[in-house]
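# Summary of the model geometry
This is what each chain is made of:
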Amino acid sequence: MTSSTVETMPVARAAWRTHPLVKRSAPVVTIVAVLIVVWYIGAVLMNLSLVRGGFEREEAPYTTMELLEGTMSAERPLLPAPHQVVGAFIDGVFGYAPTAPRSLVYHSMVTLSATLLGFALGALLGIVLALAIVHSRVLERSLMPWIICSQMVPILALAPIFIVVLGAIGLQGLLPKSIISAYLSFFPITIGMVKGFTSPDPMQMDLMRTWSATSRQVLSKLRWPSAVPYLFASLKVAITISLIGAIVAELPTGAEAGIGARLLAGSYYGQTIQIWSALVAAAVLASGLIAIVSYAERKVAQRMGARS
């Protein structure tokens, strides 16, 4: 090995460490690795007594290695190991046809349909309420306390009430779940848009009045552009809450399809691996939805002249 090669090795290592991709991904990869290690340790500790009890009931001799292997491959573990959850998730996604009742794709699409409809309803309601509050001090004083109080009751307590009441008036299927999602998702959009609509500087508002701008012109030329960052921040929160609302809404109905139904079936039959794989599916779905909102945010920012 020549001296020039030896000299370039530290430089290459330093360049690799300062690469933008490495700098962005290193913290995430490190945290994920730590979590996986902690997860495996937790799986061993929680499943140890379960596996040991199985050996003792069968009166079969066992070694420490066999005991550890059992904690990693138990059929109904208290805490599944990461590779068990990943295997069940891959099998649920690719092991069945997308329309099969055991497919995670099928259940995800059922939940996604309620999520998107509820998100659209919640976003529309939140923006309308924010506009009303900003333009009327009476509505601000009368609506805001009730909007805040609406989120104080746990949705697990309200979901059965919504389902029963809506079912009594003939609303079943997708719409009740969407209404529950909208009920959860409108709140962050309302609060965020009120903050966004009132974010313009008082001097800017005075300037618009000097130009004799109407309320509609102030809204379109000043308030809306100022509220766009708040809008997308609220949408990211709202779309994840909307997904949670759709999943929760599937629990009290005894639904046969959806991620909530998958979680419910897993809890009934003690299939913890199925429960965790459904949770992973929900996490992947939420990540995809947030990515779509983030993509729309970048495109809107570019259209408004922001640097990419």
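Residues numbered from 1 in each chain as written. Predicted model: local features only at pLDDT ≥ 70, side-chain atom pairs only at ≥ 80, totals over all residues. Heavy atoms only, no water.

Of the regular secondary structure elements, the protein chain holds twelve helices and zero strands. Starting at the N terminus and walking to the C terminus, you meet the elements of the protein chain as α-α-α-α-α-α-α-α-α-α-α-α. Every one of the 308 residues in the protein chain was classed for burial, and the buried ones make up 36%. In the protein chain, the proportion of contacts linking residues at least 24 apart, taken out of those at least 6 apart, comes to 71%. Element-wise, carbon and sulfur atoms account for 69% of the exposed surface of the protein chain, whose accessible area totals about 18400 Å². (Helix = DSSP H or I, 4+ residues; strand = E, 2+ residues; numbered from the N terminus. Buried < 20%, exposed > 50% of the residue type's maximum accessible area, 1.4 Å probe, protein only. Contact = heavy atoms within 4.5 Å. Areas by Shrake-Rupley, 256 points an atom, 1.4 Å probe, with all protein chains shown as cover.)

The next point concerns a nonpolar patch on the surface. Side chains of Leu117, Leu121, Leu174 and Leu175 sit close together on the surface and give an oily, nonpolar patch of about 270 Å² of accessible area. Put simply, the parts of the chain that give the nonpolar patch at least two residues each are α5 (104–135) and α8 (174–197). One can find Leu174 in helix α8. Residue Leu174 is classed as partly exposed on the basis of its relative accessible area of 37%. (Patch = residues over 30% accessible without salt bridge, like charges linked within 9 Å, V, L, I, M, F, W, Y side chains within 5 Å. Salt bridge = Lys/Arg side-chain N within 4 Å of Asp/Glu carboxyl O.)

As a further point, take α8. The end-to-end C-alpha distance of α8, which contains 24 residues, comes to 33 Å, matching closely the 34 Å that a straight helix rising 1.5 Å per residue would cover. Largest kink in α8: about 30 degrees, centred on Ser185, with the proline Pro188 one to four residues after it. Summarising burial for α8: 18 of the 24 residues are buried, a large majority. (Expected span 1.5 Å × (residues − 1). Bend = angle between axes of the 7 residues up to and from the residue.)

Turning next to the side chain of Ser178. Inspection of the secondary structure puts Ser178 in helix α8. With near-sequence residues (within four places) excluded, Ser178 lies in contact with Ala114, Leu117 and Gly118.

The next thing to look at is the environment of Ile290. When you line up the elements, Ile290 lands in helix α12 (residues 272–303). On the accessibility criterion, Ile290 (30% relative accessible area) is partly exposed. Residues Ile290 and Lys236 lie 54 residues apart in sequence; the distance between their C-alpha atoms is 5.7 Å. With residues near it in sequence (within four places) discarded, Ile290 still touches Lys236, Ile239 and Thr240.

On to the packing of α5 against helix α11 (residues 259–268), then. Put simply, α5 and α11 touch, their axes get as near as 7 Å, and they point 125 degrees apart. With respect to α11, the element α5 is oriented oblique. Judged by residue contacts, Leu104, His107, Ser108 and Thr111 of α5 engage Ile259, Gly260 and Arg262 from α11. For the contact of α5 with α11, the residue count by class is two nonpolar, four polar and one charged. (Axes fitted to C-alpha atoms, helices over the stretch in contact; angles between N-to-C directions. Parallel < 35°, antiparallel > 145°, perpendicular 65-115°, else oblique. Nonpolar A, V, L, I, M, F, W, Y, C, P; charged D, E, K, R; others polar.)

Counted according to the given criterion, the structure contains two salt bridges. With a shortest N-O distance of 3.4 Å, Lys177 and Glu250 are connected by a salt bridge. Of this pair, Lys177 sits in helix α8 while Glu250 sits in helix α10 (residues 215–250); the two residues are 73 residues apart in sequence, bridging distant segments of the chain. In this structure, Lys236 and Glu297 form a salt bridge, with 2.9 Å as the shortest nitrogen-oxygen distance. Remark: Glu297 occurs in helix α12 and Lys236 occurs in helix α10; sequence separation between them is 61 residues. Classification of Lys236 by relative accessible area gives partly exposed; the value is 26%.

Bringing the packing of aromatic side chains into the picture now. By the definition in use, this model includes three aromatic pairs. Judged by centre distance (5.2 Å) and plane angle (35 degrees), the rings of Trp39 and Trp276 are tilted. Note that Trp39 is positioned in helix α2 (residues 20–57) and Trp276 in helix α12, a separation of 237 residues in sequence. Among the residues examined, Trp39 registers a relative accessible area of 23% and is labelled partly exposed. With a centroid separation of 5.4 Å and an interplanar angle of 85 degrees, the aromatic rings of Phe197 and Trp224 are classed as edge-to-face. Here Trp224 lies in helix α10 and Phe197 lies in helix α8, a separation of 27 residues in the sequence. Relative accessible area serves as the criterion here: at 28%, Trp224 is assigned to the partly exposed category. (Phe/Tyr/Trp six-rings, centres within 6.5 Å; stacked < 30°, edge-to-face > 60°.)

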